[in-house]
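A structural walkthrough
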Amino acid sequence: MQRTSGFNVVSVALGLAFLYLPIVILVIYSFNASRLVTVWGGWSLEWYRQLLRDQAILDAAWMSLRIGALSATAATVLGTFAAVALTRSGRFRGRLLFSGMAYAPLVMPEVITGLSLLLLFVAAGVDRGFWTVTAAHTTLTMCFVTVIVQSRLIGFDRSLEEAAMDLGCPPFKTFLTVTLPLIAPAVIAGWMLAFSLSLDDLVIASFTTGPGATTLPIRIYSQVRLGVKPEINAICTIIITVVAVGTIASSLAAKRGAVRRAREGLGVQV
Amino acid sequence: MSAPVRIKRPGNSRLVVLIPYLWLIAFFLVPFVIVLKISLSQTAMALPPYVPVLDLAAGWEGLKQFATQLTLDSYALIGSDELYLSSYLKSLEVAGVSTAILLLIGYPMAYGIARSPRGLQPLLVMLVVLPFWTSFLIRVYAWINILQRDGLLNDVLMALHIIDAPIAWLASDTAIYIGVVYSYLPFMVLPLYASLERIDYSLLEAAADLGSPRWKAFWQVTVPLSLRGAAAGALLCFIPVTGEFVIPDLLGGSRSMMIGQTLWTEFFSNRDWPVASAIAVALLALLLVPILVYERLQKRAIGEVA
């Protein structure tokens, strides 16, 4: 029996208000006509116009999108492999070290990860820039993919894979044609999370970047340190909108996919 | 038709282990060894700015000479200088207090979601997760809008005649706590919800039928069953907050720094790589136990350890 008490409703409502109010205020202020952030001067798109003329911000955004897409893709492949290894490979030599390394970046303070990766790149004599940030973000985000994919792998019926293998399907083909479609929603969710984490990261990117590879958070951070600016409100509003639309659309798609699969599943059984 | 043949573990399943394994060794393990090594080096006006530099070409003699030049100077410095010690303590204090506040705010929220109608729960969970997907930096920045001297909070408080003159919210510990609690709330609510949602609430009805008051049933049934979620949420907040840089840098004052800021300053402003590395190693040592406990909980949640 579910019972909804007043206390429960109030605590959820207050918590959500706390989470959303600052974001809503930020969005409203981005349409403020006044240069002074705190004085309301009517609605205006002025700051969005200014933003489109700010080449440095646009370049940084493009840089972040490229790093995000590339590192998320690499992290998804590596993270999915790691998840499969941890759930399907049973015991193998060095498993303890492997699982330790697979989860640790989840909670590792960013300053430590950033510093250690920078020192690695210096020791290896690599020029810092696009590729070093991409490698750093791949390392940071693959563990999130691992956790998401692993929880999905544990939840599903292994007999399908075994049936395919028993019928002579080679293991790699089994993975591609049976396992991968089943875990696809988790793989996609993992990619999206990796992408948004990469887009978001300031600390690790600051350590591992070099000349000519300024990402959007680094650019925003250097502006924010000088004080609140309406243009920053505008770029933040754009990012929030894109992320919100992407998240809602993908979760709706996942839901529809789940419903369809459930129907097909029933059809097979009948 | 022959009987189905068990196919033995194939070669490319080894590759599935090997590729991520090698990546993590190269980009996670090796970097730590390098940090450890540089924390034992000395600062130098050179490129890279530390000595000794390991010269593998010099062979065994080079290695011996390298080993004799290693020093514990950086550790002696962070152990003796008040600045570093107070940074570590401040970080632990901020992480501890804000984790407690997060539990106090997050528990009722997670409980409320877990007891809401089944159909509503996915939507509520998504509403909690959504801010986590939007940029961390943006969410901290949003609070500067609100907390600055002529910002919204002071305007509202003055309009309500609660205060007469604007309060300097920014550059204070209060602002750090607001920023930390705000940014980490989803990390607390989600594991708590996951454990609260699994509880069989007919247990509470049974307790009520047997005459237990509601608060007592909650304390003796619900709380113990949600302890694992609470522990996971607390660690998921406590560990990263201890090393937090962005929040104290943007919202906090300049009088006392958290250890993440101190490391950042040593590295970027003072260009003292050995001291920055020693701070990182000491921070990691400080967090090793919480990290190991967290990993154990994570593996258990995922069903690896019974």
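Residues numbered from 1 in each chain as written. Chains lettered and ligands numbered in written order. Predicted model: local features only at pLDDT ≥ 70, side-chain atom pairs only at ≥ 80, totals over all residues.

Considering the overall build of chain B
- The number of helices and strands found in chain B is 14 helices and two strands.
- A compact globule built from 306 residues should have a C-alpha radius of gyration of about 19 Å, whereas chain B, at 25 Å, is more than 25% larger.
- Considering only C-alpha atoms, chain B reaches an extent of 90 × 80 × 35 Å along its principal axes.
- Per-residue burial for chain B yields a buried fraction of 42% across its 306 residues.
- Taking all contacts inside chain B whose residues are at least 6 apart in sequence as the whole, residues at least 24 apart take part in 71%. (Helix = DSSP H or I, 4+ residues; strand = E, 2+ residues; numbered from the N terminus. Rg over C-alpha atoms; globule rule 2.2 N^0.38 Å. Buried ≥ 20, exposed ≤ 12 C-beta atoms within 10 Å, placed from the backbone. Contact = placed C-beta atoms within 7 Å.)

Remarks on the overall build of chain A
- In terms of regular secondary structure, chain A is built from eleven helices and zero strands.
- What you see in chain A, going N to C, is helices and strands ordered as α-α-α-α-α-α-α-α-α-α-α.

Some points on the nonpolar core
- Judged by nonpolar contacts, the single largest core of 159 residues is most densely connected at A:Leu115, B:Ala110 and B:Ile279.
- Residues in contact with A:Leu115, not counting those within four places in the same chain, are A:Phe207, B:Val35, B:Leu263, B:Phe267, B:Ala276, B:Ser277 and B:Ala280. (Core = buried A, V, L, I, M, F, W, Y, C linked by C-beta atoms within 7 Å.)

Some remarks on the interface of chain B and chain A
- Contacts between the two partners involve 81 residues from chain B and, on the opposite side, 72 residues from chain A.
- Going through the elements one at a time, helix H1 (11-39), helix H4 (82-114), helix H5 (121-133), helix H6 (136-147), helix H11 (227-242), helix H12 (246-251), helix H13 (259-268) and helix H14 (273-301) of chain B are the ones with two or more residues in the side of chain B that touches chain A.
- With 18 residues, the single largest contributor to the side of chain B that touches chain A is H1(B).
- Looking at side-chain class alone, the side of chain B that touches chain A contains 59 nonpolar, 15 polar and seven charged residues. (Nonpolar A, V, L, I, M, F, W, Y, C, P; charged D, E, K, R; others polar.)

Comments concerning the confidence of the model for chain A
- On average, residues of chain A score 85 in pLDDT, and 93% of them are at 70 or above.
- Within chain A, helix H11 (residues 230-269) of chain A has the poorest average pLDDT of any element, 74, and helix H9 (residues 203-208) of chain A the best, 94. (pLDDT = per-residue confidence, 0-100.)

Let's talk about the environment of A:Arg88
Residues and elements named next belong to chain A.
- With respect to the helices and strands, arginine 88 occurs in helix H3 (residues 55-88).
- Among the residues examined, arginine 88 registers 17 C-beta atoms within 10 Å and is labelled partly exposed.
- Sequence separation between arginine 88 and threonine 138 is 50 residues; the distance between their C-alpha atoms is 23 Å.

A look at unusual backbone geometry
Residue and element names in this part refer to chain B.
- The phi angle at histidine 161 is positive, at roughly 60 degrees, despite the residue not being glycine.
- The topology assignment puts histidine 161 in the loop between helix H7 (152-159) and helix H8 (173-197).
- Unusually for a residue other than glycine, arginine 271 sits at a positive phi of about 50 degrees.
- Looking at where arginine 271 falls in the secondary structure, it is placed in the loop between H13 and H14.
- Given 13 C-beta atoms within 10 Å, arginine 271 falls into the partly exposed group.

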